[in-house]
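As a plain string of letters, each chain reads:
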Amino acid sequence: MARILIVDDSPSQLLGIKRIVEKLGHEAITAEDGAQGVEVAKREIPDLILMDVVMPNLNGFQATRTISKEETTKHIPIILVTTKDQDTDKVWGLRQGAKDYVVKPIKEEELVKALKEHLPG
């Protein structure tokens, strides 16, 4: 069982993603914006992070960059989960340190595939 941090400012999106994660037998921890996501990632050191992009305080690109440069968290794979579906957004997200990019609305099988691909072990 992995510990997965879900960072999203939408309560309904957070709940939907959490259901998928828990259905797979993983533990879900949550944060409601990028700044809180960085804080929780440093404190909890999850096995993987699912990160929204469009959020208040610190957006997902900024939070991803921070987490992937921080010594204690840079090993954690980050998957961006966002409505931003342009190729330029995807390229930018991967340049910030994300390992993968899933577009909302989420197709469960696509998220499951990304999790299996990027979870350690």
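Residues numbered from 1 in each chain as written. Predicted model: local features only at pLDDT ≥ 70, side-chain atom pairs only at ≥ 80, totals over all residues. Heavy atoms only, no water.

Q: Account for the sheet that holds strand β5 (residues 100-103), naming residues and giving values.
A: Overall, parallel pairing links the 5 strands, which are arranged β2-β1-β3-β4-β5 in an open sheet. A strand with exactly one partner marks an edge of an open sheet, and here the two such strands are β2 (27-31) and β5. Taking the axes of each pair of neighbouring strands and ignoring which way they run, one obtains an average angle of 20° across the sheet. Across 3 bridges, the pairing between strand β3 (residues 48-51) and strand β4 (residues 78-82) is parallel. (Pairing = 2+ DSSP bridges. Helix = DSSP H or I, 4+ residues; strand = E, 2+ residues; numbered from the N terminus. Axes fitted to C-alpha atoms, helices over the stretch in contact; angles between N-to-C directions.)

Q: Help me get a handle on the side chain of Gln-96, residues and values and all.
A: Within the secondary structure, Gln-96 is located in the loop between α4 (87-95) and β5. Within the structure, Gln-96 has its side chain in polar contact with the side chain of Arg-65 (distance 2.4 Å). Contacts of Gln-96, omitting those with residues within four sequence positions, involve Phe-61, Thr-64, Arg-65 and Ser-68. (Polar contact = N/O pair within 3.5 Å; in protein donor to acceptor, adjacent residues only side chain to side chain. Contact = heavy atoms within 4.5 Å.)

Q: I'd like a rundown of the pairing of β4, residues and numbers included.
A: Of all the 5 residues making up β4, 5 are buried; the element is thus mostly covered by neighbouring parts of the structure. On β4, burial covers both faces: Ile-78, Leu-80 and Thr-82 on one face and Ile-79 and Val-81 on the other are all buried. On the question of chirality, the crossover connecting β3 to the parallel β4 by way of helix α3 (residues 60-69) is right-handed. Considered for its hand, the β-α-β crossover made up of β4, α4 and β5 is right-handed. (Buried < 20%, exposed > 50% of the residue type's maximum accessible area, 1.4 Å probe, protein only. Right-handed = clockwise from strand over helix to strand, strands pointing away.)

Q: With reference to specific residues and values, describe the pattern of salt bridges.
A: Counted by the stated rule, this structure contains 11 salt bridges. Here Glu-27 and Arg-3 are joined by a salt bridge, their closest N and O atoms 3.3 Å apart. In this pair, Glu-27 is assigned in strand β2 and Arg-3 in strand β1 (residues 3-7), connecting sequence segments 24 residues apart. On the basis of relative accessible area, Glu-27 is assigned to the partly exposed category, the value being 31%. The partly exposed category is assigned to Arg-3, whose relative accessible area is 23%. Between Asp-8 and Lys-104 there is a salt bridge, and its shortest N-O distance comes to 2.7 Å. Of this pair, Asp-8 sits in the loop between β1 and α1 (11-23) while Lys-104 sits in the loop between β5 and α5 (108-118), placing them 96 residues apart in sequence. Like Asp-8, the residue Lys-104 is buried in the burial classification. (Salt bridge = Lys/Arg side-chain N within 4 Å of Asp/Glu carboxyl O.)

Q: Pulling in residues and values, what's your account of the packing of helix α2 (residues 34-44) against α3?
A: In a pair of packed helices, the angle between the axes and the distance between the axes together describe the arrangement. Two numbers describe how α2 lies on α3: the axes approach to 9 Å, and their chain directions differ by 20°. In terms of orientation, α2 lies roughly parallel with respect to α3. In this structure, α2 meets α3 at a crossing whose hand is right-handed. Residues Gly-34, Gly-37, Val-38 and Ala-41 of α2 lie in contact with α3, whose contacting residues are Ala-63, Thr-66 and Ile-67. (Parallel < 35°, antiparallel > 145°, perpendicular 65-115°, else oblique. Left-handed = near helix turned anticlockwise from the far one by under 90°.)

Honestly, that's just the spatial picture; any functional story needs more than this.
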